[in-house]
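Structural characterization, general
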Amino acid sequence: MSFLDAILFGLVQGLTEFLPVSSSGHLILAGRILGYAPSVAFELTAHLGTLLAVIVLYRKTIWNLLRHPFSRPMRLLAVSTVCTVIVILLCKDFFFSLNDGRLLSLGFMLTAVLLIVSPQLPHVKQFSYLGAAVVGISQGFAAMPGLSRSGTTVSTAQLMGHEQPAEYSFLISIPVIIGSSIVELSGGGISAYDVAPALVCAIVSFAAGLAALSLFVKTLKAGKAYGFGIYLVLLSVFLLVNDLWLHII
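Residues numbered from 1 in each chain as written. Predicted model: local features only at pLDDT ≥ 70, side-chain atom pairs only at ≥ 80, totals over all residues. Heavy atoms only, no water.

Side note on the nonpolar core
Worth spelling out the cut-off: What makes a nonpolar core is a set of buried Ala, Val, Leu, Ile, Met, Phe, Trp, Tyr and Cys residues whose side-chain atoms join them at distances within 4.5 Å. Only protein chains enter the calculation, and the probe is 1.4 Å; a residue is then buried if its accessible area is under 20% of its type maximum, exposed if over 50%, and partly exposed in between. Secondary structure is summarised from DSSP: a helix means a run of H or I of at least four residues, a strand means a run of E of at least two, and numbering begins at the N terminus for each. Any two residues having at least one pair of non-hydrogen atoms within 4.5 Å are treated as being in contact.
Formed by 39 residues in total, the largest nonpolar core has its most connected members in Tyr-58, Tyr-168, Phe-170 and Phe-216. If one sorts the elements of this core by residue count, helix α9 (residues 165-186) sits on top with seven residues. Leave out the neighbours within four places in its chain, and Phe-170 touches Phe-18, Val-54, Tyr-58, Arg-149, Ser-150, Leu-213, Phe-216 and Val-217. If you look at the next biggest cluster of nonpolar residues, it comprises six residues, including Val-87, Cys-91, Phe-95 and Met-144.

Side note on the environment of Gly-179
Looking at the element boundaries, Gly-179 is found in helix α9. Taking the C-alpha atoms as reference, Gly-179 lies 29 Å from Leu-4; in sequence the two are 175 residues apart.

Section: helix α8 (residues 149-159)
Summarising burial for α8: eleven of the eleven residues are buried, a large majority. Those residues of α8 lying buried are Arg-149, Ser-150, Gly-151, Thr-152, Thr-153, Val-154, Ser-155, Thr-156, Ala-157, Gln-158 and Leu-159.

Section: the environment of Ile-86
Looking at the secondary structure, you find Ile-86 in helix α5 (residues 72-97). Here Ile-86 falls in the partly exposed class, since its relative accessible area comes to 44%. As a C-alpha pair, Ile-86 and Phe-42 span 44 residues in sequence and 26 Å in three-dimensional space.

Read these as layout, nothing more, since geometry by itself doesn't imply function.
Structure representation (structure tokens):
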């Protein structure tokens, strides 16, 4: 992979990991457009860049959680994480089979519906362990390409009554990113590793991830997250038309 490709993939990963538009879906599209799919090594370093962005932005919250490992917030995060792992283990073969992008338009449209409709639905008054489980399950299903992890978990956390759904969404992404990285490392997924371009990819994804995190939090507080849903509707329609008739990408 060239340095230009590393920069482009880092930008796509960093921006779309936290904006509710699906990083996996946009990475597949980027690969189609550039004619090059990133290796496991590049995906790993890009994810670690976005992981660092979460840690930097929420370092005080994370430190407080680590100081109180048996507190209720920590237990809620644990419940969500366990539920996510269960869904991924049960459905990993199905999710992997979708990496060819054949259901991207469906995933994008489902995310759009969540972003546009969920703020209009009645919310649970208090976030509970059941709510944490539901959010964790939704995060597991967001492994489907095109279904945004952040969009799905934030919308679900809102419906389940969490007062800070964006923060919760980003916090539960940490163990998932770490866990997937460990799996890739243990599986020998980085045997072929171009260090310099990969580091560039990680740095770019970190910077873009910080910007995307801040933008999404501000947009969510302003009640304008539906704008991302409109974008995904248009993208989903375009992909459907492209797959049926245009065949541009």
